[in-house]
Every structure is written in structure tokens, then in C-alpha cells.
Amino acid sequence: MHGWQQLLVQAVAAVLSGASDTPAEKVLRKTLRRGHSSLSNGDRKAVARKFYGTISLRKRLAHMLDSVLVTAEPHSTEYLIALITLYTVHEEPKLFLNTSAPRDSAWLEYASIHLPSPLVTAISSPTLLLSILWPTDHQEYIATFHSLPDWLVSLIVTCNAFPTPVSQLAFAQTLNTPSTPHFRTRLAKISRDSLSNTLRTPFDGQQHRPIETEPCKLSKHAGLRVVGGEKPEVLGNKCHQEGLFDVQDEGSQLISLVAVGDKVDAGISGTARPALKVVDLCCGRGGKALHLLDLLETRTGGGGGQQKSCLVCHDVDSGTLKQAKTRMEKAQIDNVRTSAVDVRFVCSELDVNLVNGGRGGDMMTFPHTTDDHGNSLNIPAVKNALGGDGLADIVLVDAPCSSLGTLRRGPNVRWEMNPKSLDVFPPLQKSILSQAVNLVKPGGILVYATCTFNNAECVDITKWFNETFSDSFAQSPLIQVLDRDVLDRLFLDQEIDLQTVSSVQLSPSLHDTDAFYISRWIRKESI
């Protein structure tokens, strides 16, 4: 009768007890497999939503529970049922428009059987939140109210992008808010407006729901933002099956636009521009490479006898690079134009220990010891793939990083991360940039990007690069590739010179994107 409820309690107990370091995602999969024969799709969705919600908000819920329950032993069955009930009553309705009322009622019935009646009444009171006393210390308040580990709060309050208590609280809040899905139109096949109109129109013979979208403000030509608050079904969507769009965060889209430029869309205007040689040095599974491919396709207006652009995709992990190759080849086969881009793949096969970064985005794998850094990239092979003098017009270093910028996509990652693991990334990022400079031609562009807000991986890396390579590189203003209205939205009311600024920190609280960091340089013509 209460099969899914019991499974939910067991899954939450497995994570919060601390008896195992198994990631929450694996705990949930194992739990759902155990109840495979008895669970409906709705049951599975309810278990997953309440499971992730309860374990990610554990600190906040525990503080709330302490105000009404003083006798239960932490992590006892009664305690866990009370935590899940708190989440179901007070948190889930704020986060999701459709909270599955029948299953919420079923859960409350289950709780009323296993909890004392006065406790159920106290937990369910609509005025409970008004009676709770929260910590008065700013950092302790953020950690408790927004349910974050102390080390993460320290990073937030010291981040250059969040200089005030108000901005720190706003950012912390977004880490507990589901992300808005963003689409990137494949402009080589369809315009953004046409895609948006097609998405909202049901296809004959297909049962999927129409998807309502609106234009993005930063990715002005290709980006679409899903509206309505519900995550759409994408895999069965005919537009997705036909390769008309990719699911890609708008902040991720902005990285490629900072590299190649977004002031003029040749795919719409029909004005072709010179072919380019571009390197995606940390390609991963190819998310940004696919965008670069589309930008290069549209800027040259198709084949037609013109000189082809060249896109070199490099990674040190053959597995992820193989995935990128498959995706890129399919994109070119699906393309209605004659390909205007020659795509080449280079892998640095190394017998070294590896570190994984990018929990929320592309998975990237790189050597993790200092001795390995110097030879981690196959620069000679990349030069050979570029041809000619072996130099590129644009080099993108979408570096492996702590991926703190995607924490809202992995609800329990904050509790699974070891803060000491952050130390490995800055030396690795510096090493990759030090090798990347050898690929940029005079007058060429180097773009550095991470998906984090950790100063050590963002502004500190930019400062280091400016000091280390001041003789050969200069900061390249974003206004050279982005329109003024985009810069206005990026920097809002910040007192900053939009004519010279060359780096930006995105955040979900300010831009409704993941927390990407982007910095841009140009190689000096003469050294």
C-alpha cells in the first residue's frame, strides 16, 4: 500500500546516515530498481523529487524540525519521515508548479500513520515558518536557511561577483531553485523565430506537449528560454529529432559568442565573412564545439566554393572526444547546407592519473599532478591539424573546473564535494593556458571559460594571465563581439567601463544562467 513511501524513506536514510559515500544519484537508481515492478512513472517522479529536495535542504529542514521536535533521534525513521513531510508541505510547492497533489496526500497519510498526531499538526501548520528563529550571523544564516555547507558559503561571500550581503543571499537562493531550460537554435537549419513557432505547434500524430518559449536576451540570435515552469519533454520532440535545436544553457552559449562574435548574424543577413581557424582545446563531449560549428557554418553562408573554416576539437580523453565526434558528424549530416567547416579531432592519449571536472556540464578529464601538466596537451598534433603555420584565429579554453556554477542542477553535489578538491584546478588551468598561447596567431583571440564562481579559478586566473603574458597578449574588450544592449544586461547597474571590460562572471541570480566565467584576450601583432 505504501511501497513508494517506504522506498523514499530508505533512500533518504542511506544518504543522511553517512554510513556510505555512495553518490545520491546512485542511491536513487538502486532504490527505483528495487521497486521497479510496483512503481508507476508518477511514483518514480514523486520519489525522485522528494528525495533530492529533502537531502539537498537537509540543513534548513533540520533547523525547522528542531523547533517542533526535541525528542527524536537524528536519522531515526521518525526523524526522516518528519524531514520529508516538512519538505512536502513547505518547500516543494514553492519550487514546482505541479507538485502531484494525489501523491502529496498519500505521503501525508503515510506520515500520519508513523508520526505522533501533534507532530504532524505542528509540521503542517502554515504559520510554522513564522515561528522559527534563524541565525543572526550572516554566513551562518546563509548556511542554515539555504542549506549550504560552510565552505561553500565562504566562497560565496568572498566572490568578487557578489560584493554585498543582498547579492550573496540572492545567489544562495538560486542554488535551491530549478534551472530554466534554454535551447540553442541551429541557425544553419532554421531561424530562432521559426523554431519557436514550430515548438508551440503540436505535430500531427505526436502526443508530446507543445513547448512555449521566448527569446533569450544574451544569446540574441539563437537562444530560446522555456517558459511555464515545467521541464519539457525534449527527446521525443520532433524538432529535436530533426536536429533543429540543442539543449544548452544561455551562459554556455555566450562563451562561443565571445569567441566568434555575435554582432552580425551571417546566417540571417546572408553576408558571408572570411573563413576562420578555430580550436576548442578542451572539447569534452562537444557541447560548445557544436555551437562553434553552427556559428562557423552561418558566418560563411555554406560551402558554395568558398574557403572552408577549420574547427579543431582537442581533448585528452578519447572516450569523451569520441562522443563529440559522433555528435559533430551527425550535425553535419543533418545540415541542409553543404558543409562550410572542416572539423578535425585530436586526442592527447596519455598514461597519467586523471581528474574529472564538470559535474553539471561536459565531463572533462585531465592530468592531476603538477609534473603531468607540462605535457598534458598534444599541441604539435593540434598545429598539424590546423595546417599552414599551425596557428589559429581563435582558441577556446573551456577549462576543467570545480563546476560550482552548476550546483543547482545537482541538488546533492554540494554535500558530496570535498572542498580540498578545488585546489587541483588553478594549477591545471594555468598549465592549459600556458600551452594554449602557442596556438594563437598574431591578432588572434584567446578565450578562457569556466563554469564556476570560485575566485581562484576565475578572476585570479585572469590576473595571473595578464601579469604572465603581458608582453604577448592584451585584454580584448567584449564590446568588440557583443552588442551594447547585451553588455548592459550582463553588467546591469555595475560601475564598469563597457568599452574596455574583457571578462564577465555570470550567475543564475543576475542572468538566469549557470555561473560561467569568461575572459578574452588578443595576441599582439608584434612581440
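See the structure printed just above.
The structure presented is a predicted model; accordingly, all values stated were derived computationally and were not measured. (Residues numbered from 1 in each chain as written. Predicted model: local features only at pLDDT ≥ 70, side-chain atom pairs only at ≥ 80, totals over all residues. Heavy atoms only, no water.)

Q: Would you explain the overall build of the chain in this entry?
A: Scanning the chain for helices and strands turns up 23 helices and 14 strands. Counting only contacts in the chain whose residues sit at least 6 apart along the sequence, the fraction spanning at least 24 positions is 77%. In the structure as shown, the chain presents an accessible area of about 22600 Å², 51% of it carried by carbon and sulfur atoms. (Helix = DSSP H or I, 4+ residues; strand = E, 2+ residues; numbered from the N terminus. Contact = heavy atoms within 4.5 Å. Areas by Shrake-Rupley, 256 points an atom, 1.4 Å probe, with all protein chains shown as cover.)

Q: Is there a simple way to explain the side chain of T213 in this structure?
A: Checked against the element boundaries, T213 lands in strand β2 (residues 213-215). Of the polar contacts made by the side chain of T213, one reaches the side chain of S196; its length is 2.9 Å. Beyond its immediate stretch of four places on either side in the chain, T213 contacts F183, S196, L199, R200, L224, R225, V226 and V227. (Polar contact = N/O pair within 3.5 Å; in protein donor to acceptor, adjacent residues only side chain to side chain.)

Q: What is the right way to look at the sheet that holds strand β3 (residues 223-226) in this model?
A: Pairing between the strands of a sheet is mediated by backbone hydrogen bonds and can be parallel or antiparallel. One open sheet accounts for four strands, arranged β2-β3-β1-β4; its pairing is antiparallel. In this open sheet, the two edge strands, each paired with only one partner strand, are β2 and β4 (245-247). Each strand of the sheet is rotated relative to its neighbour by a mean of 35°, with strand direction disregarded. The pairing of β2 with β3 spans three bridges and is classified as antiparallel. (Pairing = 2+ DSSP bridges. Axes fitted to C-alpha atoms, helices over the stretch in contact; angles between N-to-C directions.)

Q: Looking at this structure, I do not really get the nonpolar core. What am I missing?
A: General note: in soluble globular proteins, nonpolar side chains tend to be found buried as a group. Counting residues in each nonpolar core, the largest one holds 45 residues, and the members touching the most others are L254, L311, L482 and L490. Every element with two or more residues in this core is listed here: α13 (250-260), α15 (287-300), β6 (309-315), α16 (318-334), β7 (341-347), β10 (392-398), β11 (440-450) and α22 (484-491). Those residues in contact with L254 that sit more than four places away from it in its chain are L218, L482, L490, L506 and I518. With 42 residues, the next largest nonpolar core counts A48, F51, L69 and Y87 among its residues. (Core = buried A, V, L, I, M, F, W, Y, C linked by side-chain atoms within 4.5 Å. Buried < 20%, exposed > 50% of the residue type's maximum accessible area, 1.4 Å probe, protein only.)

Q: Looking at this structure, how should I read the packing of aromatic side chains?
A: Remark: the centre distance and the inter-plane angle together describe each pair of aromatic rings, the angle taken between the planes. The final tally for this structure, using the stated rule, is 14 aromatic pairs. A ring pair is formed by W107 and Y110, whose centres lie 5.1 Å apart and whose planes are at 35°; its orientation type is tilted. In this pair, W107 and Y110 are both assigned in helix α6 (residues 101-114), three residues apart and thus about one turn of the helix distant. Y110 carries the same exposure label as W107, and that label is buried. An aromatic cluster of three or more residues is present, and its members are W464, F465, F469, F473 and W521. Seen from the ring of F145, R60 lies directly overhead, with NZ or CZ sitting 4.1 Å from the centre. (Phe/Tyr/Trp six-rings, centres within 6.5 Å; stacked < 30°, edge-to-face > 60°. Lys NZ or Arg CZ within 6 Å of the ring centre and 35° of its normal.)

Q: How should helix α1 (residues 3-16) be read in this particular structure?
A: Side chains of residues three or four places apart in an α-helix project in the same direction, reflecting 3.6 residues per turn. Compared with the 20 Å implied by 1.5 Å per residue over 14 residues, the 20 Å span of α1 between its first and last C-alpha is a close match. Along α1, the positions that sit buried rather than exposed are W4, Q5, L7, L8, V9, A11, V12, V15 and L16. Positive backbone phi, approximately 75°, marks G18, located one or two places after α1. (Expected span 1.5 Å × (residues − 1).)

Q: Teacher, can you tell me more about unusual backbone geometry here?
A: Excluding glycine, residues mostly carry a negative phi; peptide bonds, for their part, are mostly trans. Residue S147 is not a glycine yet carries a positive backbone phi of 55°. Checked against the element boundaries, S147 lands in the loop between α8 (138-145) and α9 (150-158). Judged by relative accessible area, which is 0%, S147 ranks as buried. Even without being glycine, S403 reaches a positive phi, approximately 60°. With respect to the secondary-structure elements, S403 resides in the loop between β10 and α19 (413-416). Classification of S403 as buried rests on a relative accessible area of 5%.

Q: Where do I start with the pairing of β10 in this structure?
A: The side chains of a regular strand alternate between the sheet's two faces. Burial analysis of β10 places seven of its seven residues in the buried class, which makes it a mostly covered element. In the sheet, strand β5 (residues 277-280) pairs with β10 via three bridges, with the strands oriented parallel. Within β10, the residue paired with D280 across the bridge is L396. Where β10 meets β11, six bridges bridge the pair, whose relative direction is parallel. Each residue of the ladder has a partner; that of I394, found in β11, is I445.

Q: Even after reading the chapter, I still don't get the pattern of salt bridges, so can you show me in this structure?
A: Across all of its chains, the model carries 23 salt bridges by this definition. Notably, a salt bridge pairs D512 with R225, separated by 2.8 Å at the nearest N-O pair. Of this pair, D512 sits in the loop between α23 (508-511) and β14 (517-523) while R225 sits in strand β3, and the two are 287 residues apart along the sequence. For D514, the salt bridge identified is with R409, shortest N-O distance 2.7 Å. Separated by 105 residues along the polypeptide, D514 in the loop between α23 and β14 and R409 in the loop between β10 and α19 bring together distant segments of the chain. On the basis of relative accessible area, D514 is assigned to the buried category, the value being 3%. (Salt bridge = Lys/Arg side-chain N within 4 Å of Asp/Glu carboxyl O.)

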